[in-house]
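Secondary and tertiary structure notes
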Amino acid sequence: MDLYPLARPFMSLIDPETAHRLTIRALRMGLGPRQKQPDPVSLAIDLFGLHFENPLGIAAGFDKNGEVPDAILAMGMGFAEVGTVTPRPQAGNPRPRVFRLPLHRAVINRLGFNNEGHEALKKRLIARRSRRGIVGVNIGANKDSADRIADYEAGIRAFDGLASYFTVNISSPNTPGLRALQNKEELETLIVRVLAARHTGTARMTPVLLKIAPDLGAEELADIADVALRLGLDGIIVSNTTIVREGLVSGVNADETGGLSGAPLFAMSTRVLADIYRLTQGRIPLVGVGGISSGDDAYGKIRAGASLLQLYSALTYDGPALVGRIKADLAAQLAADGFANLKDAVGADVKL
Ligand SMILES: Cc1cc2nc3c(=O)[nH]c(=O)nc-3n(C[C@H](O)[C@H](O)[C@H](O)COP(=O)(O)O)c2cc1C
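For the structure given in this document, a descriptive report is provided here. Since the model is a prediction, treat every value here as computed from it, not as a measurement.

Further remarks concern the pairing of strand β9 (residues 208–212). Of all five residues making up β9, five are buried, and the element is well covered by its neighbours. The two faces of β9 match: Val208, Leu210 and Ile212 on one face and Leu209 and Lys211 on the other face are all buried. Bridging between strand β8 (residues 166–169) and β9 involves four bridges; their strand directions are parallel. Across the sheet, residue Phe166 finds its bridge partner in β9, namely Val208. Note that β9 and strand β10 (residues 235–238) share four bridges and pair parallel. Its bridge partner lying in β10, Lys211 is registered against Ile237. Of the crossover connections in this fold, the one passing from β9 over helix α7 (residues 218–231) to the parallel β10 is right-handed.

Below, the discussion takes up the packing of aromatic side chains. In total, this model carries four aromatic pairs according to the counting rule given. With a centroid separation of 5.3 Å and 85° between ring planes, the pair formed by Phe52 and Phe79 is classed as edge-to-face. Residue Phe52 is located in strand β2 (residues 50–52), and its partner Phe79 is located in strand β4 (residues 79–85); the two are separated by 27 residues in the primary sequence. Under the relative-accessibility criterion, Phe79 is labelled buried at 1%. Taken together, the ring pairs connect Phe48, Phe52, Phe79 and Tyr165 into an aromatic cluster.

Our next topic: the environment of Tyr277. For Tyr277, the location among the structural elements is in helix α8 (residues 266–279). With a relative accessible area of 9%, Tyr277 lands in the buried category. Each C-alpha atom of the pair Tyr277 and Leu181 lies 21 Å from the other, and the pair is 96 residues apart in sequence. Ignoring any residue separated from it by four or fewer positions in sequence, one finds Tyr277 in contact with Gly282, Leu286, Ala304, Gly305, Val346, Gly347, Val350 and Leu352.

What follows is about the sheet that holds strand β6 (residues 106–109). With antiparallel pairing, three strands are arranged side by side in an open sheet as β5-β6-β11. Strands at the two margins of the open sheet, each flanked by one partner only, are β5 (98–101) and β11 (259–262). Geometrically, the sheet is characterised by an average inter-axis angle of 25° between neighbouring strands, direction not taken into account. As judged from the four bridges shared by β6 and β11, these two strands associate in the antiparallel manner. In the strand pairing of β11, Val107 is matched with Ser261.

Of all residues adjacent to the ligand, which total 23 residues, the nearest are Ala60, Thr84, Gly262, Gly291 and Ser313. A distance of 2.8 Å separates an oxygen atom of the ligand from a polar backbone atom of Gly291. Between the ligand and Tyr312, the relevant distance is 3.0 Å, taken from an oxygen atom to a main-chain nitrogen or oxygen of the residue. Contact with the protein chains covers 97% of the free accessible surface of the ligand, which is 610 Å². Listing elements by their share of the shell around the ligand, those giving two or more residues are β6 and β11. By residue class, the composition of the shell around the ligand is eight nonpolar, 13 polar and two charged.

Right, let's get into the pattern of salt bridges. Going through the model one piece at a time under the given rule, you end up with 23 salt bridges. A salt bridge links Arg179 to Asp215, with the shortest nitrogen-to-oxygen separation between them at 3.9 Å. A residue pair is termed long-range when its members are at least 10 positions apart, and Arg179 in the loop between β8 and α6 (184–196) and Asp215 in the loop between β9 and α7 qualify at 36 residues. Residue class for Arg179 comes out partly exposed when judged on its relative accessible area of 27%. Overall, the relative accessible area of 23% leaves Asp215 in the partly exposed class.

Our next topic: the sheet that holds strand β7 (residues 135–139). Taken in spatial order, the eight strands line up as β3-β4-β7-β8-β9-β10-β12-β13 and close into a barrel, and their pairing is parallel. The average angle at which neighbouring strand axes cross in this sheet is 25°, direction not considered. Here β4 runs beside β7; their pairing, made up of five bridges, is parallel. Note that in β7 the partner of Gly83 across the bridge is Asn138.

Bringing the nonpolar core into the picture now. Ranked by internal contacts, the top residues of the largest apolar core, which has 94 residues, are Val137, Tyr152, Phe159 and Ile212. It is helix α11 (residues 321–336) that contributes the most residues to this core, six residues altogether. Contacts of Ile212, omitting those with residues within four sequence positions, involve Ser171, Gln182, Leu221, Ile224, Ile236, Ile237, Val238, Ser239, Asn240, Val272 and Ile276. Core analysis: the next-biggest nonpolar cluster, separate from the first, contains six residues, Leu101, Ala106, Leu248 and Leu260 among them.

The rules behind each value
Residues numbered from 1 in each chain as written. Predicted model: local features only at pLDDT ≥ 70, side-chain atom pairs only at ≥ 80, totals over all residues. Heavy atoms only, no water. Buried < 20%, exposed > 50% of the residue type's maximum accessible area, 1.4 Å probe, protein only. Helix = DSSP H or I, 4+ residues; strand = E, 2+ residues; numbered from the N terminus. Pairing = 2+ DSSP bridges. Right-handed = clockwise from strand over helix to strand, strands pointing away. Phe/Tyr/Trp six-rings, centres within 6.5 Å; stacked < 30°, edge-to-face > 60°. Contact = heavy atoms within 4.5 Å. Axes fitted to C-alpha atoms, helices over the stretch in contact; angles between N-to-C directions. Near = heavy atom within 4 Å. Polar contact = N/O pair within 3.5 Å; in protein donor to acceptor, adjacent residues only side chain to side chain. Areas by Shrake-Rupley, 256 points an atom, 1.4 Å probe, with all protein chains shown as cover. Nonpolar A, V, L, I, M, F, W, Y, C, P; charged D, E, K, R; others polar. Salt bridge = Lys/Arg side-chain N within 4 Å of Asp/Glu carboxyl O. Core = buried A, V, L, I, M, F, W, Y, C linked by side-chain atoms within 4.5 Å.

If you want it as structure tokens, here you go:
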């Protein structure tokens, strides 16, 4: 049963971070909805050695501490990304630090990587080890770290063998200086060290994806594409939240500091997605994220070059029933355009 319609009026009245905490608690108690029927076969896709039943995943930040990946998968998500996790536990910025912009169907957050640290997440992932389902781990650096790249290496070492894939998150706007790791030389050093930190000698090297900001210029995007292709990154996630306030008319919470997500991020992040698809010549799988709230949005990201999708903000407005709606719409649109499967539609709108 989907309890969300009952809870929704109450949830929209309370502080968003408290509402989120209650959601996680409900999911931990097994109160989340469960998808009954299998996904349409046209939505399945194989990428970097993993088989995804459908391309829609939960974006990082929803389950920072890996408390509910299996509940997320059970509601019909094709994969779950937990984190961002940092080596040591971290309190994050003072509250309030998450704001709803209902007029724009958007969210602004300046959480600042609040999380319980590597050890706590590791225990939970070990406890679910025998379960099926794709669970990626999004790794970051502590705010006060003397060597941030070493924090990413520690993340790889802590979760190698437990994570289906890694996301290297260097694009949060809420840790001062973090996004400078997107600059060419720093990025190159980071990626070389991160890739080398993986266990060698195992049958399968854990895939490593890079998550980038939507606020990068043409030159920075070209540098990232070049580094990704040269060093053999497995994928790029486009994008994190934006510090730009494009298209926001003033209204409740529009002036808050932090990263903006939800509907106003859609156009921007999809533009950057298509740019990266073009710059990498479609040779690296991309994950489209930013403002997805419908089957149209999802299909738009696929046609702009995404092989996988993630979302977060729209769920806070529409609840978990959105997952099934997006997948059904996406399957219908693929069929209407004559695509037998998702892979054939990837990048259909981009001229290489
Ligand atoms: C409250 C909140 C917390 C987030 N925390 C993280 C995080 O810890 N790590 C990360 O990589 N992205 C984080 N994000 C960004 C999302 O993963 C996603 O990239 C962004 O919200 C755009 O997707 P959306 O428009 O569907 O929300 C967070 C987003 C929100 C709204």
